[in-house]
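A look at the structure
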Amino acid sequence: AQTVTQSQPEMSVQEAETVTLSCTYDTSESNYYLFWYKQPPSRQMILVIRQEAYKQQNATENRFSVNFQKAAKSFSLKISDSQLGDTAMYFCAFSPLFQGAQKLVFGQGTRLTINP
Amino acid sequence: DVKVTQSSRYLVKRTGEKVFLECVQDMDHENMFWYRQDPGLGLRLIYFSYDVKMKEKGDIPEGYSVSREKKERFSLILESASTNQTSMYLCASRKVYLSLREGGTEAFFGQGTRLTVV
């Protein structure tokens, strides 16, 4: 069974700083996708970024980027120039390919607070 | 604008009641999911469905059942609500993917139902 671990329950940084959220996962699959989702106080889950395991290049989306280390099974999220609107719960998720009903397996979440 | 709609944002029920949580999506997605969200535990999969009338158990199915009579609607049923089912429930839908390149399809979520069982 696949598992996803986020070891940082809470983090807090000042506005404009850079912050990195950690995620590790365990799987025997070779092909899969990884995602970071954001859940602001409104509770609406929003996709932040996704990474294909078969691509070595790290994904980037504006201020958000990932550090994907396949051998180490690590998938961290870096937020640059953090903004107050980045305050949210962040969930790392794993999606196996060609297995079962294409479900997402989530980590425990990291509560990120951006302080003014 | 894509949408996953959950019927209630907040719900209070009594122990022993039968509870229905409804979820509707308008994206013609094949896959639908029910997750439970608890602090420190993240999102845990209760049940999922990959087609009408098809369902499979997730990681924590005990005390729950589901129904999918139409493609757009996926219902979660608590047969006899208990206090340990007090939680946030999230519904999600996701387009099925058939190739490696399609595997990164996004899951879309409803706004959640915060259920309190007293």
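Preceding block: the structure.
A brief look at the structure comes next. (Residues numbered from 1 in each chain as written. Chains lettered and ligands numbered in written order. Predicted model: local features only at pLDDT ≥ 70, side-chain atom pairs only at ≥ 80, totals over all residues. Heavy atoms only, no water.)

**Quick look at the pattern of salt bridges**
Working definition: two side chains of opposite charge can pair if their charged atoms are close together. Residue and element names in this part refer to chain B. Going by this rule: Any carboxyl oxygen of Asp or Glu within 4 Å of a side-chain nitrogen of Lys or Arg constitutes a salt bridge here. Relative accessibility decides the category of a residue: with a 1.4 Å probe and only protein chains considered, values under 20% of the type maximum give buried, values over 50% give exposed, and everything between is partly exposed. Put simply, DSSP marks the helices as runs of H or I at least four residues long and the strands as runs of E at least two long, and each gets a number from the N terminus on.
Summed over all chains, the structure comprises 8 salt bridges over all chains. Of the charged contacts in the structure, one is a salt bridge between R44 and D38, with a shortest N-O distance of 2.8 Å. Overall, D38 belongs to the buried group, its relative accessible area being 12%. Among the salt bridges present, the one from E69 reaches K53, with a minimum N-O distance of 2.4 Å. Of this pair, E69 sits in strand β7 (residues 64-70) while K53 sits in the loop between β5 (42-51) and β6 (54-57), and the two are 16 residues apart along the sequence.

**Examining the interface of chain A and chain B**
Condition: What makes two residues a contact is simply this: any of their non-hydrogen atoms within 4.5 Å. Buried area: the sum, over both parts, of the accessible surface (1.4 Å probe) that disappears when the two are put together. Here a polar contact is recorded for every N or O atom pair within 3.5 Å, except that within protein the pair must consist of a potential hydrogen donor and a potential acceptor, and residues adjacent in sequence are included only if both atoms are side-chain atoms. Polar here means any residue other than Ala, Val, Leu, Ile, Met, Phe, Trp, Tyr, Cys and Pro, which are nonpolar, and Asp, Glu, Lys and Arg, which are charged; Gly is therefore polar.
With 24 residues of chain A at the interface, the matching set in chain B holds 34 residues. Taken together, both faces of the contact between chain A and chain B bury some 2400 Å²; the carbon and sulfur share is 51%. The interface formed by chain A and chain B contains 0 salt bridges. At the boundary of chain A with chain B, the tally comes to 11 residue pairs in polar contact (both at pLDDT 80 or more). The element best represented in the side of chain A that touches chain B is strand β5 (residues 32-39) of chain A, accounting for 4 residues. For the side of chain A that touches chain B, a count of residues per class yields 13 nonpolar, 8 polar and 3 charged.

**Focus on the nonpolar core**
Note that soluble globular proteins tend to have their nonpolar side chains buried in a common cluster. What counts here: Among buried residues, those of type Ala, Val, Leu, Ile, Met, Phe, Trp, Tyr and Cys that are joined through side-chain atoms within 4.5 Å constitute a nonpolar core.
Core analysis: the largest hydrophobic core is formed by 26 residues, its most contacted members being Y25, W36, F75, L77 and Y90 of chain A. Elements represented by at least two residues in this core include exactly β3 (19-21), β5, β6 (46-52), β8 (64-69), β9 (74-79), β10 (88-96) and β12 (110-115) of chain A. With 4 residues, the single largest contributor to this core is β10 of chain A. The residues touching F75 of chain A, leaving out its near neighbours within four places in the chain, are C23, Y25, L34, F35, W36, Q51, V66, N67, F68 and C92 of chain A. Judged by nonpolar contacts, the second largest core, of 22 residues, contains A93 of chain A together with M88, A107 and F109 of chain B.

Note that every value here comes from positions in space, so none of it alone points to a role or purpose.
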